[in-house]
Amino acid sequence: MRIGSKISAGFAAMVVLTGVLGLAGWLGLDRYAKSVDGADQIATISEQVASANIDATSFRATGDKEAVARAAASLQGAGEAATQIGATELSDAIRRFDTAFSDLVRLSDEADSLTADMEANTKQLERFAVAIQKMERARYMRVAEERQAALAEQERTLKGAQAAEAVMRATLTADREQAMFRLSGDEKAADNARNSIKTMFLSALSLKKVAGDGAAAGLASKLASSVNEYRQAFDKLSKATAGTPEAEAAATALDSVTSDISKLAMELSRAELDSYAKARTVADAASEATEKAVTTMTEALTMVVDVQRVALAREKVAASGGQRETTDNVVSALDALEKNVDQLAADATAQSTRAAIKTAKAEIGKYRTSFAAMVAALEQQAEAAASMTASAQEVNATV
């Protein structure tokens with residue numbers, strides 16, 4: 001081969017070798033650039049997922065709706081980026097994270113809605129409990145006033161009966177003294193009779209005062225008038241000369257009015273004793289009604305306290321995320337409330353109270369239903385949170 005041909009062949013080989021080396025270098029640089037770009041995209045995806053996880057955790061802790069929007073935007077961006085670089089496994093993991101978070105948000109909203117409903121139910125129960133307590137307190141005050149009135153009437157009629165008996169005793173004493181005067185004609189005996197008549201008159205006035213405007217008022221007035229006639233008749237007798245027609249007429253009038261006084265005093269005594277017996281029956285019934293009113297008023301007050309206990313126990317359920325111990329406390333508080341309401345229904349006599357209790361019982365039933373739904377939502381919410389945490393861990397592992 002000639003030297004020129006050899007030089008040309010060597011040059012051509014050098015050109016080819018240079019092209020091959022250049023191509024290899026270019027391909028290597030291209031692969032490196034793509035590798036660096038992919039790493040940047042993975043880093044961006046990792047940052048977006050981390051940001052979404054932070055916002056999701058913030059939402060679980062505070063219920064911040066802005067955190068939900070930020071987390072959704074971060075997950076959407078991360079998912080699109082993973083799809084763009086062909087990271088199918090990572091894209092699927094991000095999608096599961098997004099689904100779990102969406103379920104958590106939905107269940108949290110449901111739990112919040114049920115919690116709001118239960119708060120409204122609690123306020124309704126509190127209103128019923130307070131209304132029942134007020135009704136029973138008003139009933140107690142009314143019954144207590146009736147009892148005081150009955151006891152006052154009982155005391156008045158007893159005093160009336162005692163006053164009637166005092167008039168009868170005073171009349172007997174006055175009769176004895178004036179009889180002694182009629183036998184002896186002694187001035188001292190006359191003074192004794194006058195003192196006895198005075199006592200009789202004061203007893204009659206006392207009886208009239210006790211009778212007041214009651215049923216015995218008419219008899220008491222008659223008796224007081226008769227006692228006054230007795231006094232006038234004795235005055236005439238004491239001034240008249242013994243054995244004269246004037247003395248005989250005064251004695252006859254005295255005997256007649258004495259009989260009238262005895263009859264009236266006896267009738268008044270029986271009437272007041274009958275009134276006393278009736279007043280005592282009324283007072284006893286009023287005392288029994290007062291005791292029942294105290295019982296129902298106490299039970300109504302206990303109902304108010306029980307409703308407040310239910311409300312406090314429910315708040316702890318929401319704060320704990322539905323832990324079993326807290327839910328059991330609510331059920332126990334509801335059982336205690338319902339038991340007390342049943343007892344109040346058995347003891348209450350007022351129709352308005354019974355109607356309110358019936359409505360309260362229905363509200364307790366609604367409360368139990370709402371509470372069961374809230375507990376179920378909280379359990380599902382916890383499951384969704386666990387699923388979201390697992391999905392976040394899967395995304396981190398895939399990245």
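Thresholds applied
Residues numbered from 1 in each chain as written. Predicted model: local features only at pLDDT ≥ 70, side-chain atom pairs only at ≥ 80, totals over all residues. Heavy atoms only, no water. Helix = DSSP H or I, 4+ residues; strand = E, 2+ residues; numbered from the N terminus. Contact = heavy atoms within 4.5 Å. Areas by Shrake-Rupley, 256 points an atom, 1.4 Å probe, with all protein chains shown as cover. Axes fitted to C-alpha atoms, helices over the stretch in contact; angles between N-to-C directions. Parallel < 35°, antiparallel > 145°, perpendicular 65-115°, else oblique. Left-handed = near helix turned anticlockwise from the far one by under 90°. Nonpolar A, V, L, I, M, F, W, Y, C, P; charged D, E, K, R; others polar. Polar contact = N/O pair within 3.5 Å; in protein donor to acceptor, adjacent residues only side chain to side chain. Phe/Tyr/Trp six-rings, centres within 6.5 Å; stacked < 30°, edge-to-face > 60°. Buried < 20%, exposed > 50% of the residue type's maximum accessible area, 1.4 Å probe, protein only. Expected span 1.5 Å × (residues − 1). Salt bridge = Lys/Arg side-chain N within 4 Å of Asp/Glu carboxyl O. pLDDT = per-residue confidence, 0-100.

### What about the overall build of the protein?
A tally of helices and strands in the protein yields eight helices and zero strands. Listing the helices and strands of the protein from first to last along the sequence gives α-α-α-α-α-α-α-α. Intrachain contacts of the protein at a sequence separation of at least 6 include 78% that bridge at least 24 residues. As displayed, the protein offers around 22,400 Å² of accessible surface, 56% of which is attributable to carbon and sulfur atoms.

### So, the packing of helix α3 (residues 88–184) against helix α8 (residues 351–398)
The N-to-C vectors of α3 and α8 enclose an angle of 160°; their axes lie 7 Å apart at closest approach. Judged on the interaxial angle alone, α8 and α3 are roughly antiparallel. The two elements α3 and α8 cross, and the hand of that crossing is left-handed. The residue makeup of the contact of α3 with α8, split by class, is 30 nonpolar, 14 polar and seven charged.

### Overview of the environment of S91
Along the chain, the position of S91 falls in helix α3. Placed 304 residues apart in sequence, S91 and V395 show a C-alpha to C-alpha distance of 8.7 Å. When residues no more than four places from it in sequence are discounted, the contact partners of S91 are G79, A82 and T83. Looking at S91, its side chain comes within polar contact range of the side chain of T83, at 3.2 Å.

### Things to note about the packing of aromatic side chains
Under the defined criterion, the tally for this structure stands at two aromatic pairs. Here F59 and F101 contribute two aromatic rings whose centre-to-centre distance is 6.1 Å and whose plane-to-plane angle is 80°, an arrangement assigned as edge-to-face. Remark: F101 occurs in helix α3 and F59 occurs in helix α1 (residues 3–62); sequence separation between them is 42 residues. The same class applies to F59 and to F101, which are both buried. Ring plane angle 65° and centroid distance 5.6 Å describe the contact between F181 and F234, whose orientation is recorded as edge-to-face. Of the two residues, F181 sits in helix α3 while F234 sits in helix α5 (residues 217–239), which places them 53 residues apart along the sequence. Residue F181 shares its accessibility class with F234, and that shared class is buried.

### Here's the deal with α5
Given a rise of 1.5 Å per residue, 23 residues ought to cover 33 Å, and the 33 Å separating the end C-alpha atoms of α5 matches this to within 8%. Those residues of α5 not exposed but buried are A217, L219, A220, L223, A224, S226, V227, Y230, A233, F234, L237 and S238.

### Structural notes on the environment of T398
Within the secondary structure, T398 is located in helix α8. Residues in contact with T398, not counting those within four places in the same chain, are E89, L90 and A93.

### Considerations on α3
For α3, with 97 residues, the first-to-last C-alpha span of 141 Å sits near the 144 Å given by 1.5 Å per residue. Immediately downstream of α3, the backbone of G185 shows phi near 70°, a positive value.

### Looking at the pattern of salt bridges
Taken as a whole and assessed by the stated rule, the structure comprises 22 salt bridges. For the salt bridge of D55 with R70, the shortest nitrogen-to-oxygen distance reads 3.2 Å. One end of the pair, D55, is in helix α1; the other, R70, is in helix α2 (residues 65–84), and 15 residues separate them in sequence. What makes D55 buried here is its relative accessible area of 8%. Given the relative accessible area of 38%, R70 is considered partly exposed. With its nearest N and O atoms 3.7 Å apart, the salt bridge here joins D235 to R231. Taken together, the residues span about one helical turn, with D235 and R231 both in helix α5 at a distance of four residues. Overall, the relative accessible area of 35% leaves R231 in the partly exposed class. Residues participating in the shared-partner salt-bridge network are D335, E338, D342, K361 and R368.

### Considering the packing of helix α4 (residues 187–211) against α5
Helix-helix packing is characterised by the crossing angle of the two axes and by the distance between the axes. At a minimum axis separation of 8 Å, α4 and α5 run at an interaxial angle of 165°. Classified by the angle between their axes, α4 and α5 sit roughly antiparallel to one another. Where α4 crosses over α5, the two elements pack in a sense that is left-handed. On α5, the residues that touch A190, A193, R194, I197, M200, F201, A204, L207, K208 and A211 of α4 are A217, A220, S221, L223, A224, V227, N228, Y230, R231, F234, D235 and S238. Looking at the contact of α4 with α5 residue by residue, the classes come out as 15 nonpolar, three polar and four charged.

### Focus: the confidence of the model for the protein
Model confidence for the protein is summarised by a mean pLDDT of 81, while 89% of its residues fall at 70 or above. For the protein, α1 is the element with the lowest average pLDDT, namely 61, and helix α7 (residues 324–347) is the one with the highest, namely 91. pLDDT under 50 marks residues 20–37. Its contacts with residues more than four places away, or in other chains, come to zero contacts.

### Side note on the side chain of T258
Within the secondary structure layout, T258 lies in helix α6 (residues 245–320). For T258, a relative accessible area of 9% corresponds to the buried category. Here the side chain of T258 touches L254 through a polar contact of 2.6 Å, landing on its backbone oxygen.

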